[in-house]
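# Architecture at a glance
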Amino acid sequence: MNEYYDSNNNGKSFDVRWSVKKDISGMLDVERKSSDNPWTEDIFHQYLTERTSIMMVAHSEKEYNEVLGFMVYELCKEKINLVNLAVDPNFRREGIGSIMIHKLKSKLSENRRKEIFFNIRESNRGGQLFLKNQEFKAIGIYGKYYEDTGEDAYHMSYKIDENDAIQNRISKYFLRH
């Protein structure tokens, strides 16, 4: 069963769904518009075939195949690694990134995965501010992390605690009474 999230900002709406192979060309387009050092098609194919990796796309409600944004993440035993997140520059500030992060946060639970990690380029100030608005915190710096430029990465984290009210599809089975 697919879960869809709607946003009706400025009269526009979109959904977030699992990606499929035919979405890669749209994801590549968004990636190229969003990054000075974009992923290659081979990298997208690699993550699409990884057993622990998940790729999701945001698309226009009217145009199912029009990719407006995407995220790639890895499910680990106790955490989620957000590997890539991008929104088409023409559709930023319309809630697409926030909805994708909300979707990712819904995968967390007090009894299993409690934290999301993301490494972001030091030069990506807009992305850092976005993550800060999503309650991520910078918890470290990886020096010369990016091989292509030698740029540092900020290690960002979002962590739930016992007081967070995140509800996902299985959390009701683990509620404490």
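In short, a report on the structure. Every chain is numbered independently, its residues counted from 1 as its sequence is written. Local features in a predicted model are, by the rule used here, given only for residues with pLDDT of at least 70; side-chain atom pairs are given and counted only at 80 or more, and totals for whole chains, interfaces and linings are based on all residues. Hydrogens and waters are ignored; side-chain quantities use all the structure's heavy atoms.

## Things to note about the packing of aromatic side chains
Under the convention used in this document: Aromatic pairing here means that ring centres of Phe, Tyr or Trp (its six-membered ring) are within 6.5 Å. Orientation follows from the plane angle: under 30 degrees is stacked, over 60 is edge-to-face, and everything else is tilted. Working definition: helices are DSSP H or I runs of at least four residues, strands are E runs of at least two. Numbering for both runs from the N terminus. Three exposure classes are used, based on accessible area relative to the maximum for each residue type with a 1.4 Å probe and protein chains only: buried under 20%, partly exposed in between, and exposed over 50%.
In the structure shown here, the tally under the stated rule is 6 aromatic pairs. Ring geometry for Phe136 versus Tyr158: centroids 5.8 Å apart, planes at 45°, classification tilted. Linking Phe136 in the loop between helix H4 (125–133) and strand E6 (137–142) with Tyr158 in strand E7 (residues 153–159), this pair joins segments that are 22 residues apart in sequence. Summarising the burial analysis for this pair, Phe136 and Tyr158 share the class buried. A centroid spacing of 5.6 Å and a plane angle of 25° characterise the contact between Tyr142 and Tyr145, whose relative ring orientation is stacked.

## Re unusual backbone geometry
Phi is positive for Glu135, which is not a glycine, with a value near 75°. Relative to the helices and strands, Glu135 resides in the loop between H4 and E6. Owing to a relative accessible area of 49%, Glu135 belongs among the partly exposed residues under this scheme. Its identity as a non-glycine residue notwithstanding, Lys144 has a phi of 50°, on the positive side. Among the structural elements, Lys144 can be located in the loop between E6 and E7.

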